[in-house]
Structures are given as C-alpha cells and as structure tokens.
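Report on the structure
Residues per chain, in single letters:
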Amino acid sequence: MSKITVIDHPLVKHKLTHLRDKTTEHFVFRKIVNELSYLMVYEATRGLKTRSVEVETPLEKTNSDVLDDDVVIVPILRAGLGMLEGCQSMIPNARVGFVGIYRNEETLEPVEYYLKIPNVENAKLLLVDPMLATGGSLSATVTRLKGLGARHINIICILASPEGIRKVEGEHPDVDIFCACIDDGLDRNGYILPGIGDCGDRIFGTL
Ligand code: PRP
Ligand code: URA
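Just so it is clear, the structure is predicted and the values come from calculations on it, not from any experiment.

**Focus on the site of ligand 2**
- Around ligand 2, the neighbouring residues are Arg103, Met131, Ala133, Gly190, Tyr191, Ile192, Gly197, Asp198 and Cys199.
- Note that an oxygen atom of ligand 2 is positioned 2.8 Å from one of the backbone N or O atoms of Ile192.
- Between ligand 2 and Cys199, the relevant distance is 2.8 Å, taken from an oxygen atom to a main-chain nitrogen or oxygen of the residue.
- Summarising the interface, the protein chains cover 88% of the accessible area of ligand 2, which totals 240 Å² for the free molecule.

**As for the pairing of strand E4 (residues 71-77)**
- The buried fraction of E4 is high, at 7 of 7 residues.
- Of the strand pairs in this sheet, E4 and strand E8 (residues 124-128) are connected by 5 bridges, and their pairing is parallel. Bridge assignment links Val71 to a residue of E8, and that residue is Lys124.
- Judged from the 2 bridges that link them, E4 and strand E5 (residues 95-96) form a sheet pairing that is parallel.

**Describing helix H4 (residues 136-147)**
- Helix length check: H4, at 12 residues, gives a terminal C-alpha distance of 16 Å against a target of 16 Å (1.5 Å per residue), a fit within 8%.
- Listing the buried residues of H4 in full gives Gly136, Ser137, Leu138, Ser139, Thr141, Val142 and Leu145.
- Of the residues one or two after H4, Gly149 is the one with positive phi, at around 105 degrees.

**A few points about the packing of aromatic side chains**
- Enumeration according to the criterion identifies 1 aromatic pair in this entry.
- Plain terms: the ring middles of Tyr102 and Tyr113 are 6.0 Å apart, the flat faces sit at 35 degrees to each other, and that makes the pair tilted. One end of the pair, Tyr102, is in strand E6 (residues 98-103); the other, Tyr113, is in strand E7 (residues 110-116), and 11 residues separate them in sequence.
- Residue placement shows Arg103 over the ring face of Tyr191; its charged tip is 5.5 Å from the ring centre.

**Re helix H5 (residues 162-171)**
- Within H5, the full set of buried residues consists of Gly164, Ile165, Val168 and Glu169. Along the axis of H5, the buried residues cluster in a sector spanning 125 degrees; they form a single face. More than 90 degrees from the buried face of H5, the exposed residues found are Arg166 and Gly170.

**A short note on the site of ligand 1**
- In the vicinity of ligand 1, the contacting residues are Arg78, Ala79, Tyr102, Arg103, Asp129, Met131, Leu132, Ala133, Thr134, Gly135, Gly136 and Ser137.
- With the chains in place, 90% of the 500 Å² that ligand 1 exposes on its own is no longer accessible.
- Among the secondary structure elements, those contributing two or more residues to the shell around ligand 1 are E6, strand E9 (131-132) and H4.
- For the shell around ligand 1, a count of residues per class yields 5 nonpolar, 4 polar and 3 charged.

**With respect to the sheet that holds strand E13 (residues 181-182)**
- Across the sheet, 3 strands lie side by side as E9-E11-E13; this open sheet has parallel pairing. With partners counted over all chains shown, the strands left at the sheet margins are E9 and E13, one partner each.
- When strand E11 (residues 159-160) meets E13, the two strands line up parallel, connected through 2 bridges. Paired with Ala160 across the strands is Ile182, a residue of E13.

About the thresholds
Residues numbered from 1 in each chain as written. Chains lettered and ligands numbered in written order. Predicted model: local features only at pLDDT ≥ 70, side-chain atom pairs only at ≥ 80, totals over all residues. Heavy atoms only, no water. Near = heavy atom within 4 Å. Polar contact = N/O pair within 3.5 Å; in protein donor to acceptor, adjacent residues only side chain to side chain. Areas by Shrake-Rupley, 256 points an atom, 1.4 Å probe, with all protein chains shown as cover. Buried < 20%, exposed > 50% of the residue type's maximum accessible area, 1.4 Å probe, protein only. Helix = DSSP H or I, 4+ residues; strand = E, 2+ residues; numbered from the N terminus. Pairing = 2+ DSSP bridges. Expected span 1.5 Å × (residues − 1). Phe/Tyr/Trp six-rings, centres within 6.5 Å; stacked < 30°, edge-to-face > 60°. Lys NZ or Arg CZ within 6 Å of the ring centre and 35° of its normal. Arc of directions from axis to C-beta. Nonpolar A, V, L, I, M, F, W, Y, C, P; charged D, E, K, R; others polar.

As far as function goes, none of this settles anything; it's purely spatial.
So this is what it looks like as structure tokens:
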C-alpha cells in the first residue's frame, strides 16, 4: 500500500495556519506555499540514492556523497506551479515536466489540457499539487505518467482529504503521498474541509 506521510513539524503547522486564514492576501499566500514546498520536498526526497565521490577540502582529500538519482518534478497546473520553485531550488539539476488539468466544476472529473513530460523511464518523479481533494486529478496524472514509463512517483501535496487518499491509494498503491495535513473530508462541491479554499485562485489572486 501507499505510504502516507504527514509532515509533522512546527514550521509546517505554523505556515499551514496562515494558508487556512481567509484574510491572508494572495501574495503572502503564494510566498507561504513556496516556503512549505522547501520543507516538504526535504522529507519527500529522503529516499533518494546517493553515491560517494572524492572531493578535496581545503585540508585534505575525502569521500563525500552526491545525489545519484535522476529527478523529474511535475507540477500540476495551475496550483502546482506555486510549489515548483521551492522543489527546484532544493534539486536544481532536476528536470521538469508539466501537466495541465482542471476539475470540471459539475462532475468533479479531471480534464487534461496540456502535457509536456520529458523522458521519465528511469527517473524518480515528484508530482506536486497543493490539493488532493477527490483525488481525481492526481490519480489521473499518475496513470498518465505511468503510461509514459514512470515507475517511481512520490506525491507532494499540502492538504489531503481521506477520500482523495483512498482513491490514489486504491488506484496506485505503489505511490507514496507526503502532505502537511489530512483534513476532515470534502463538502458537496468537492472542496476540502476545513481546507484552504481554492488554492489556484488564492495563489494567483483570481478569486
Ligand atoms: C485544484 C487543485 C488540484 C485539484 C484537486 O485544481 O490544484 O489539481 O483541484 O481536486 P481533485 O483532487 O478533486 O481532483 P483546479 O481544478 O481548481 O484547477 P486550477 O489549479 O487550474 O485552478
Ligand atoms: N481544489 C482546491 O483548490 N481546493 C479544494 O479544496 C479542492 C480542490
């Protein structure tokens, strides 16, 4: 089964509270999403492989580790874009692919409108989207990425609902999920409760 990791850290909790606050302005909201991404990618990359290389310090030669995995970061447009810079800053040599998906407001089914993915066959993928609500968007994206040959996928989301986790886990038990909090559930419009509202709109100031 999927491993679900709730990143239980005071800084993560503090920043999430500011995201929940409806009075947080969009430029502050966007900055906090970015800061949370730094903290979350740290945990979500704990399993990456390293290899030893020789380096010469100012004092002597020694062996020290460097990353040995080919990492591809895939943000789901739009809201996932808010998490890209934080992830990319921590792994500057990661390649980046993009998936554009929105939820149909009536059916809540995911609709794909853009796909630009590099070769992912031997890569470790970090699939980023702040919201795992019904799970439709993330699960459909995982299916798409697997169809392109992806074998190792970790999801980083800020909020997850129990329903969304069940869907992704049911359809993709090999995919691990890292989140800042598992909220109570969904309202009848598919919004996470208590949640942070419409994350894309709050990041880009389009409410
Ligand atoms: C949001 C969010 C996820 C999706 C989650 O995107 O960023 O992609 O909803 O919902 P789900 O788990 O029920 O599929 P949205 O559809 O609002 O598109 P946007 O980011 O372009 O605003
Ligand atoms: N998408 C969001 O942006 N927020 C939710 O609560 C659910 C889906």
